[in-house]
Amino acid sequence: MASVTIRDVRKAFGAVEIIHGVSIDIADGEFVILVGPSGCGKSTLLRMIAGLENITSGEIAIGDRVVNNVPPKERDIAMVFQNYALYPHMTVAENMAFSMKLRGADKAEMAARVEKAAKILGLTHLLDRYPRQLSGGQRQRVAMGRAIVRDPQVFLFDEPLSNLDAKLRVQMRTEIKELHQRLKTTTVYVTHDQIEAMTMADKIVVMHDGIVEQMGAPLDLYDRPDNLFVAGFIGSPAMNFVKGHIDGQGFAAEGGFTLPVGSAPAASAGRPVVYGLRPEHIRIDAQGIPAEVIVVEPTGSETQVVLRTGGQEMIAVFRERLSARPGETIPIVPTLANAHLFDAETGRRLNA
Amino acid sequence: MSDAAISAPMPRVFERSWAQRMTDRNMLGFWFMLPAAAFLILFLVYPLGLGIWLSFTDARIGRGGVFVGLENYEWILGDSKFQLAVFNTLFYTFVASVLKFAIGLYLAILLNNHLPFKAFIRAIILVPFIVPTVLSAIAFWWIFDPQFSVLSWGLRKWGLISGNIDFLGDPWNARLSVIFANVWRGVPFIAITLLAGLQTVSPSLYEAATLDGASKWQMFRHVTYPILTPIIAVVMTFSVLFTFTDFQLIKVLTNGGPAGTTELMATMSYNTAILGGRIGEGAAISTAMIPFLLGAIMISWFGLQRRKWQQGSDNND
Ligand SMILES: Nc1ncnc2c1ncn2[C@@H]1O[C@H](COP(=O)(O)OP(=O)(O)OP(=O)(O)O)[C@@H](O)[C@H]1O
Ligand SMILES: [Mg+2]
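Rules used in this analysis
Residues numbered from 1 in each chain as written. Chains lettered and ligands numbered in written order. Predicted model: local features only at pLDDT ≥ 70, side-chain atom pairs only at ≥ 80, totals over all residues. Heavy atoms only, no water. Pairing = 2+ DSSP bridges. Helix = DSSP H or I, 4+ residues; strand = E, 2+ residues; numbered from the N terminus. Axes fitted to C-alpha atoms, helices over the stretch in contact; angles between N-to-C directions. pLDDT = per-residue confidence, 0-100. Contact = heavy atoms within 4.5 Å. Domains from an automatic or database assignment. Buried area = accessible area lost by both parts, 1.4 Å probe. Salt bridge = Lys/Arg side-chain N within 4 Å of Asp/Glu carboxyl O. Nonpolar A, V, L, I, M, F, W, Y, C, P; charged D, E, K, R; others polar. Near = heavy atom within 4 Å. Polar contact = N/O pair within 3.5 Å; in protein donor to acceptor, adjacent residues only side chain to side chain. Areas by Shrake-Rupley, 256 points an atom, 1.4 Å probe, with all protein chains shown as cover. Buried < 20%, exposed > 50% of the residue type's maximum accessible area, 1.4 Å probe, protein only.

All names here are of chain A. Within the open sheet, the 5 strands sit side by side as β13-β12-β11-β14-β19. Their pairing is antiparallel. The strands lining the two open edges of the sheet, one partner per strand, are β13 (258–260) and β19 (340–343). Across the sheet, the mean angle from the axis of one strand to that of its neighbour is 40°, orientation sign disregarded. Two elements, strand β12 (residues 250–253) and β13, share 3 bridges in a ladder whose sense is antiparallel. Opposite G250, over in β13, you have P260 as the bridge partner.

Once that is clear, we can look at the confidence of the model for chain B. Residue and element names in this part refer to chain B. Summary statistics for chain B give a mean pLDDT of 83 and a share of 89% for residues scoring 70 or more. For the stretch residues 1–11, pLDDT sits under 50, and the model shows 0 contacts to residues farther than four places along the chain or on other chains. Note on residues 313–317: pLDDT under 50 across the span, and 9 contacts to partners over four residues away in sequence or across chains. Predicted complex metrics record ipTM = 0.83 and pTM = 0.79.

Here the focus is the domain arrangement of chain A. Residues and elements named next belong to chain A. If you check the domain split of chain A, you get domain 1 (4–233) and domain 2 (240–343). Between the C-alpha centres of domain 1 and domain 2 the distance comes to 39 Å. The interface of domain 1 with domain 2 comprises 9 residues on the first partner and 7 residues on the second. Three residues, Y222, L228 and A231, lead the burial of domain 1 against domain 2; their summed loss comes to 72% of the area buried on that side. Inspection of the domain 1/domain 2 interface yields 0 salt bridges. In terms of residue class, the side of domain 1 that touches domain 2 is made up of 5 nonpolar, 2 polar and 2 charged.

So, on to the site of ligand 1. Residue and element names in this part refer to chain A. If you check the shell around ligand 1, you find F13, I18, S38, G39, C40, G41, K42, S43, T44, E159 and H192 and nothing else. At a separation of 3.0 Å, an oxygen atom of ligand 1 approaches a polar backbone atom of G41. With the chains in place, 58% of the 630 Å² that ligand 1 exposes on its own is no longer accessible. Top element by residues in the shell around ligand 1 is helix α1 (residues 42–50). It accounts for 3 residues. Split by residue class, the shell around ligand 1 holds 3 nonpolar, 6 polar and 2 charged.

Next up on the list: the pattern of salt bridges. In the structure shown here, the tally under the stated rule is 16 salt bridges over all chains. When the shortest N-O distance is used, the salt bridge between E313 of chain A and R308 of chain A registers 3.4 Å. Residue class for R308 of chain A comes out partly exposed when judged on its relative accessible area of 35%. Overlapping salt bridges, with partners in common, bring together K11, R47 and E53 of chain A together with E207 of chain B in one network.

Residues and elements named next belong to chain B. Along the chain, S239 turns up in helix α12 (residues 216–244). Among the residues examined, S239 registers a relative accessible area of 4% and is labelled buried. Discounting chain neighbours no more than four positions away, the residues touching S239 are S97, K100 and I190.

Below is the structure:
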């Protein structure tokens with residue numbers, strides 16, 4: 001096992017720069033998730049760690065060794081591809097043993113390690129099958145098995161669950177997490193699914209257009225997003241954004257209503273500000289602002305409501321069951337401690 | 001009561017009308033197959049059958065023969081010219097096929113990489129395949145000409161040889177020269193087909209193999225080649241069949257000479273039956289090719305059977 005250090009890495013394809021100076025420190029044994037919208041450069045960064053793409057500038061180190069010029073096979077990493085990339089003409093056992101076979105490992109050792117990995121992943125009864133004879137989830141496990149038998153310094157996963165159906169995805173999420181707790185191998189995992197990121201990661205790195213927007217523990221990102229992008233990206237349903245400006249001790253929204261602010265930063269008075277509020281941080285309170293109910297979506301465990309107030313739409317999630325019907329008006333207030341203020345121009349967070 | 005219920009529908013079965021019979025699935029299938037079957041019988045089975053029948057007669061040009069049993073076969077089997085032709089055909093087919101496969105595979109792998117002017121090079125490679133065989137045979141005839149050969153001329157200019165090479169006059173030179181011409185003509189087909197096969201191999205398999213620590217050779221040996229085997233089996237079957245039955249190149253370049261050292265079974269059959277007028281013997285020579293061809297087809301049939309790894313669904317590939 002080893003740490004991974006990414007220092008000011010840039011990547012250009014021809015004249016087009018895709019990654020603009022990314023620095024990430026990944027501790028030994030950490031489970032780091034790179035998350036971001038499609039095309040932001042997550043896969044490219046992962047492939048640079050693997051050595052499948054060369055590094056235009058900057059440095060990537062695995063352990064103490066800078067690997068910029070180390071060929072992939074000497075980096076001691078294992079990767080699980082989005083399409084699994086299983087060798088179609090080899091059985092499950094042969095797929096898993098392939099790297100050892102190339103190294104010339106002895107048969108008994110190969111069999112033992114394949115056996116062990118298959119047991120961890122519940123693949124023992126499938127060892128003689130070919131990839132085509134497996135379901136999507138089983139193929140996914142074989143791909144992980146191929147990585148596990150290598151016992152590498154670092155695991156790399158590129159959207160390993162995106163080909164699976166929703167239920168299997170939840171199940172595999174748990175399995176991967178359990179696997180990591182068991183093996184404690186440093187892992188870099190790419191996804192564009194923020195729920196996957198929130199549930200699995202020790203540390204989330206939010207990327208956007210080739211830069212790192214913010215990194216930190218999942219709940220830190222959730223509780224204290226550094227900027228509008230992260231605020232909107234992390235959390236489901238997404239955070240509500242209300243446009244307006246700071247006025248005295250309150251927030252004057254564009255629709256003509258006022259929202260309370262905990263600690264208004266002094267410098268921001270009069271400037272355009274975005275007020276961020278997560279759906280679950282809206283309460284019903286008799287003293288609140290009147291909001292019109294547009295849609296009510298009960299999921300059983302909670303009730304999701306689309307509201308409109310002062311011409312701005314908001315989504316609220318209530319734990320309790322709600323009797324309100326579309327067209328009615330309910331009074332709402334934000335939970336003060338969870339209100340976020342962002343500069344509308346730079347997107348930076350304003351409140352502490 | 002129950003007897004009546006069972007016997008009641010019976011008469012209707014016998015009353016089936018002509019219209020009903022026409023729409024019966026099996027009958028309908030038969031009618032639909034009839035045109036194709038007639039075509040096959042007329043253009044494939046009849047000539048083949050006639051050829052085989054003639055090989056059991058002493059037919060000559062202008063005179064229908066009588067049945068002579070295996071006499072023709074006894075005669076050709078004892079004929080040293082026929083034995084030489086069989087050897088020539090096997091040698092020609094084997095050496096040319098191996099060379100075509102090796103060169104074709106090499107070119108395909110080369111073209112599968114990122115090359116400058118890739119589209120242009122691919123088009124160029126197809127040229128030998130597009131040119132009519134007789135035309136390219138005539139071109140080779142010039143290239144191999146004892147006096148005006150451009151090859152001899154070039155080698156002389158370089159000072160590598162002092163006199164012209166007798167490409168088509170010396171037995172082994174002639175054999176290798178016609179093989180060279182055949183390879184030149186056959187490589188594009190193999191290269192382009194294998195290239196198509198190579199392009200179906202997912203690039204992520206190579207990336208996975210890279211991370212698994214495979215060298216370039218190991219990648220070819222353990223990933224590319226096994227995935228390509230079904231296509232190799234098809235293309236090599238065709239190549240072997242075409243080479244074994246080759247006629248045009250030999251006919252134009254050497255016409256079997258010198259002294260029968262490049263005579264193939266196909267040219268010998270033609271020369272015996274049409275030019276020599278001994279149709280029965282010629283037909284026997286042709287018919288003697290059939291076991292060889294069937295053998296080649298059988299080998300590839302076993303090679304071609306869907307491998308176990310190809311079975312099953314294709315989703316999520
Ligand atoms: N080989 C390449 N040549 C040129 N541009 C490329 C190449 N590979 C990727 N790109 C570009 O780099 C950018 C980042 O691609 P990348 O595959 O890393 O995105 P991603 O974050 O993994 O997205 P997704 O979630 O859709 O997989 C994209 O704009 C893409 O078009
Ligand atoms: Mg990607």
